[in-house]
Amino acid sequence: MSEVTLESISFQYPSADRPQLHDFDLHVPAGTCLALLGPSGCSKTTVLRLIAGLERPTSGTISLGDRAVAGPSVFVPAQHRHVGLVFQDYALFPHLTVAKNIAYGLFSFPRAERSTRVNEVLEMVELEPFAQRYPWQLSGGQQQRVALARALAPQPQVLLLDEPFSNLDTDLRSSVREDVRDLLQTAGVTSVLVTHDEEDAQHLASQTHVMTLPH
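Trainee: So, helix α1 (residues 44–52): which residues are in play, and what are the values?
Mentor: Counting buried positions along α1 gives 7 out of 9 residues, so the element sits mostly inside the fold. Taken residue by residue, α1 has K44, T46, V47, L48, L50, I51 and A52 as its buried positions. Just past α1, the residue G53 takes up positive phi, approximately 95°.

Trainee: Outline helix α4 (residues 140–152), supporting the account with residue identities and numerical values.
Mentor: Helix length check: α4 (13 residues) gives 18 Å between terminal C-alpha atoms against 18 Å at 1.5 Å per residue, within 8%. Within the sequence span of α4, burial applies to G141, Q142, Q144, R145, V146, A147, L148, A149, R150, A151 and L152. Among the structural elements, β7 (83–86), α2 (98–103), α3 (111–124), β8 (158–162) and α5 (170–187) are those in contact with the buried residues of α4.

Trainee: Lay out the sheet that holds strand β3 (residues 33–37) in plain terms, naming residues and giving numbers.
Mentor: Across the sheet, 5 strands lie side by side as β7-β8-β9-β3-β10; this open sheet has parallel pairing. With one partner strand each, in any of the chains shown, β7 and β10 (207–210) form the two edges of the open sheet. Direction aside, neighbouring strands of the sheet carry axes that sit 20° apart on average. Strand direction decides the pairing type here: β3 and β10, joined by 4 bridges, are parallel. Within β10, the residue paired with L34 across the bridge is Q207. Its contacts with the sheet place α4 against β7 and β8, and it is angled at close to 165° to β7.

Each value, and the rule that gives it
- Residues numbered from 1 in each chain as written.
- Predicted model: local features only at pLDDT ≥ 70, side-chain atom pairs only at ≥ 80, totals over all residues.
- Heavy atoms only, no water.
- Buried < 20%, exposed > 50% of the residue type's maximum accessible area, 1.4 Å probe, protein only.
- Helix = DSSP H or I, 4+ residues; strand = E, 2+ residues; numbered from the N terminus.
- Expected span 1.5 Å × (residues − 1).
- Contact = heavy atoms within 4.5 Å.
- Pairing = 2+ DSSP bridges.
- Axes fitted to C-alpha atoms, helices over the stretch in contact; angles between N-to-C directions.

Listed below in structure tokens is the structure:
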């Protein structure tokens, strides 16, 4: 696991008429969960994309542990950052089984180790009986756990979660949130959660960074 540090980050999308971030700082201690809390449009997801390496900051530096991954003279591509990402819509492959969805991110593992790691993660998320099912055969909560398992399988240094409960109804949201909290604690991974829901932040995160709409 690694701490996450953003220092003096500025960023502006090419089509935007103003910066999304200006001199933005953030620190996530290793092994903790931090929630980025705020309304739509306050650039929470942009922060996640910058940490993941899907966007490059205009200025400032981003470090994972003691390694700078973005800065004036460095930019490490997303595939080399050891960062897991859970999307809002889960982004599961409908034509692949649960086991193959999880194995998809293990291309860098030796072939002999892939099935072992898939089984370990299936056990972690308690989905062993569903290994050969397809995403469309699962409930929303089960799909959420598959998405988490796929992100955790490569043993990332950092896990990023973008509004992971927004597609769940209120009753299911509460139970899945508890499951995710337990999984993050078991995995011990540094994580950043983007949410507009204060209950999500309170239940999962050990610290919260409140973001507001730009003026």
